[in-house]
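Structure at a glance
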Amino acid sequence: MSASEYVSTRGGVARVNFADAVMMGLADDGGLLLPAAIPDMRAQLASWRSLSYSDLAYAVMSPFVGDAIPAAALKDIICRSYATFATPAVVPVRRCGRVHIAELFHGPTLAFKDVALQFLGNVFEHLLTQRGGKLNILGATSGDTGSAAIHGVRGKAGVDIFIMFPDGRVSPLQERQMTTVPDANVHCIAIKGTFDDGQRVLKEVFNDLGFKRDYQLGAVNSVNWARVLAQVVYYFWSAFRVQEATGAATVQVSVPTGNFGDIFAGYIAVRMGAPIRRLVLATNENDILSRFFRSGEYSQGAVCPTLSPSMDIQVASNFERYLYYRVGENSDRVRELMAAFARDKKIVITDGGDSLFAAGRGDTAMTIETIRRYYAAEKYILDPHTAVGVAVAEQYLCDDAPMICLATAHPAKFSAAIEQALGSDLAKHPALEALKDLPVRRVLLEPDKRVIEDYVKATV
Ligand SMILES: *Cc1c(COP(=O)(O)O)cnc(C)c1O
């Protein structure tokens with residue numbers, strides 16, 4: 001059993017290496033890929049504490065990459081991925097009132113998705129150079145993922161990226177973060193419809209297996225294992241920084257959660273031996289996951305729009321990975337449960353729960369109150385997603401395990417929410433201000449499989 005061989009949660013894929021797992025994205029049997037074993041790194045922790053972010057990233061990730069990428073190339077990929085961050089610490093951790101904030105938003109698009117997508121873009125480029133292929137990435141976005149994916153692969157050899165977003169339904173700022181990127185391999189598609197129309201067309205195109213094969217379609221959503229892997233690093237990093245600052249033996253980490261990708265990386269970190277006593281799962285009103293961790297019932301509700309739109313998700317694409325471990329790595333059981341969920345929109349797990357997790361919901365009123373309170377007391381502006389995490393974290397504070405709150409976006413990205421909470425638009429960022437004067441490139445298309453496929457064909 002090796003950490004650099006990958007199996008599917010549904011048991012229907014022959015073992016593949018890291019490179020094939022990254023290229024496959026979603027497992028071919030409809031499940032998600034996971035390493036066949038998770039290495040126990042507790043003996044390494046002492047030596048990991050003094051490493052730079054990039055060196056720590058290499059130490060954490062290399063057992064999962066194995067010989068799919070040579071050591072020197074992997075080190076180079078990691079260094080280039082984090083050199084694009086605005087601070088040498090990559091993820092600065094600062095004390096703020098009763099919590100510690102791990103700022104994950106210093107990458108090019110000011111959201112935590114850069115941590116994974118800068119890495120994934122460079123991995124794609126490396127693998128394509130080795131294999132001599134081409135990749136056409138097709139994605140649908142409601143905001144953050146599209147711009148982070150574009151900035152991950154802009155200008156890269158062998159890759160074209162097509163991102164669909166609903167015309168007039170993403171914030172003007174989020175649209176400019178995509179449409180002002182000048183590189184010739186970036187193609188922004190406004191679709192005449194909603195985000196759901198975009199997702200539907202995406203699924204239809206990926207299900208057209210002939211087109212998928214002929215046009216080498218690739219995916220960048222968080223089902224890609226490389227995204228989860230890159231996120232494992234900052235759980236170790238931020239735990240070490242807070243241990244240094246406080247002398248605590250263990251910490252807690254609160255995670256604003258949507259698709260369960262970020263907090264699942266925390267789960268992997270804990271299984272590797274990270275000194276984390278508890279993971280606090282925070283949702284907004286779209287609370288399927290917090291209800292699950294409190295009651296064992298995973299049941300789908302309707303999506304409700306909130307101030308933290310990147311967490312407005314009901315069916316969390318990475319949950320199946322956790323479920324696989326929760327049922328004892330039994331892929332037959334996972335298949336049964338996922339079939340039952342597809343049929344009934346509900347499953348119930350009655351095994352007494354998982355004491356590693358605590359969970360709660362931070363609603364819109366709590367989000368606004370928390371942003372106000374931290375600004376008044378600390379002069380610190382929380383973005384609305386981070387505020388949900390902080391609001392729930394405050395229910396689980398304890399003396400001997402300090403609380404780390406993951407800050408998933410810069411507040412300037414969600415200035416309307418900040419204005420609503422603080423009365424004026426106090427959060428600014430020069431990178432976003434600069435976009436206001438740049439030329440925009442986009443096409444406007446019908447959300448129709450044939451139309452999108454014809455556009456891809458005509459463009460590449
Ligand atoms: C994507 C996103 C989240 C949710 O992360 P998941 O991995 O989907 O749970 C939270 N906050 C922000 C700002 C995001 O962009």
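Relevant structure appears above.
In short, a report on the structure. In this text, all values refer to a predicted model and were calculated from it rather than measured experimentally.

Spatially, 4-5-15-10-11-14 is the arrangement adopted by the 6 strands of the open sheet, whose pairing is mixed. At either end of the open sheet lies a strand with only one pairing partner, and these are strand 4 (93-96) and strand 14 (357-361). Averaged over all pairs of adjacent strands, the angle between strand axes in this sheet comes to 25°, irrespective of strand direction. Pairing of strand 10 (residues 251-256) with strand 11 (residues 276-283) involves 6 bridges; the strand directions are parallel. Bridge pairing in strand 11 links valine 251 to isoleucine 276.

Our next topic: the state of the cysteines. Overall, the coordinates contain 0 disulfides when judged by the stated rule. Cysteine 96 forms no disulfide, and the closest cysteine sulfur to it belongs to cysteine 405, at a distance of 9.0 Å. The structure places no disulfide on cysteine 398, whose sulfur is separated from the nearest cysteine sulfur, that of cysteine 405, by 13 Å.

What follows deals with the site of the ligand. Taken together, the neighbourhood of the ligand is formed by 15 residues, with Lys113, Asp144, Gly258, Asn259 and Thr408 sitting nearest. Within the backbone of phenylalanine 260, an N or O atom sits 3.1 Å from an oxygen atom of the ligand. Between an oxygen atom of the ligand and a main-chain N or O atom of aspartate 262, the distance comes to 2.9 Å. Burial of the ligand by the protein amounts to 97% of the accessible area it has alone, namely 390 Å². Split into classes, the residues belonging to the shell around the ligand amount to 5 nonpolar, 7 polar and 3 charged.

Before going further, it helps to examine the environment of lysine 345. As for its placement among the helices and strands, lysine 345 is situated in the loop between helix 14 (331-344) and strand 13 (346-348). A residue is classified by how much of its surface remains accessible, and lysine 345, at 41% relative accessible area, is partly exposed. Residues lysine 345 and serine 299 lie 46 residues apart in sequence; the distance between their C-alpha atoms is 5.7 Å. Apart from residues no more than four positions distant in its own chain, lysine 345 is found in contact with Tyr298, Ser299, Gln300 and Ala340. A polar contact is formed between the side chain of lysine 345 and the backbone oxygen of alanine 342, at a distance of 3.3 Å.

Time to look at the packing of aromatic side chains. With the rule as written, the count across this model stands at 30 aromatic pairs. Aromatic side chains phenylalanine 260 and phenylalanine 319 sit 5.9 Å apart centroid to centroid with 80° between the ring planes, which places their arrangement in the edge-to-face category. You can see phenylalanine 260 sitting in the loop between strand 10 and helix 11 (261-272) and its partner phenylalanine 319 sitting in helix 13 (residues 319-326), a full 59 residues away along the chain. Residue phenylalanine 260 shares its accessibility class with phenylalanine 319, and that shared class is buried. Taken together through their ring pairs, the aromatic side chains of Phe260, Phe264, Tyr267, Phe292, Phe293, Tyr298, Phe319, Tyr322, Tyr324, Tyr325, Phe341 and Phe357 make up a single cluster.

This part is about the nonpolar core. Counting 118 residues, the largest nonpolar core has Phe18 and Phe236 as its most contacted members. Contacts of phenylalanine 236, omitting those with residues within four sequence positions, involve Leu45, Trp48, Leu56, Val60, Ala269, Met272, Gly273 and Ala274.

Take the pairing of strand 14 next. Two faces make up the sheet, and in a regular strand the side chains alternate between them. Most of strand 14 is tucked away, with 4 of its 5 residues classed as buried. In terms of strand pairing, strand 11 meets strand 14 through 5 bridges, oriented parallel. Bridge pairing in strand 14 places alanine 282 opposite glycine 360.

Scoring rules and cut-offs
Residues numbered from 1 in each chain as written. Predicted model: local features only at pLDDT ≥ 70, side-chain atom pairs only at ≥ 80, totals over all residues. Heavy atoms only, no water. Pairing = 2+ DSSP bridges. Helix = DSSP H or I, 4+ residues; strand = E, 2+ residues; numbered from the N terminus. Axes fitted to C-alpha atoms, helices over the stretch in contact; angles between N-to-C directions. Disulfide = S-S within 2.5 Å. Near = heavy atom within 4 Å. Polar contact = N/O pair within 3.5 Å; in protein donor to acceptor, adjacent residues only side chain to side chain. Areas by Shrake-Rupley, 256 points an atom, 1.4 Å probe, with all protein chains shown as cover. Nonpolar A, V, L, I, M, F, W, Y, C, P; charged D, E, K, R; others polar. Buried < 20%, exposed > 50% of the residue type's maximum accessible area, 1.4 Å probe, protein only. Contact = heavy atoms within 4.5 Å. Phe/Tyr/Trp six-rings, centres within 6.5 Å; stacked < 30°, edge-to-face > 60°. Core = buried A, V, L, I, M, F, W, Y, C linked by side-chain atoms within 4.5 Å.

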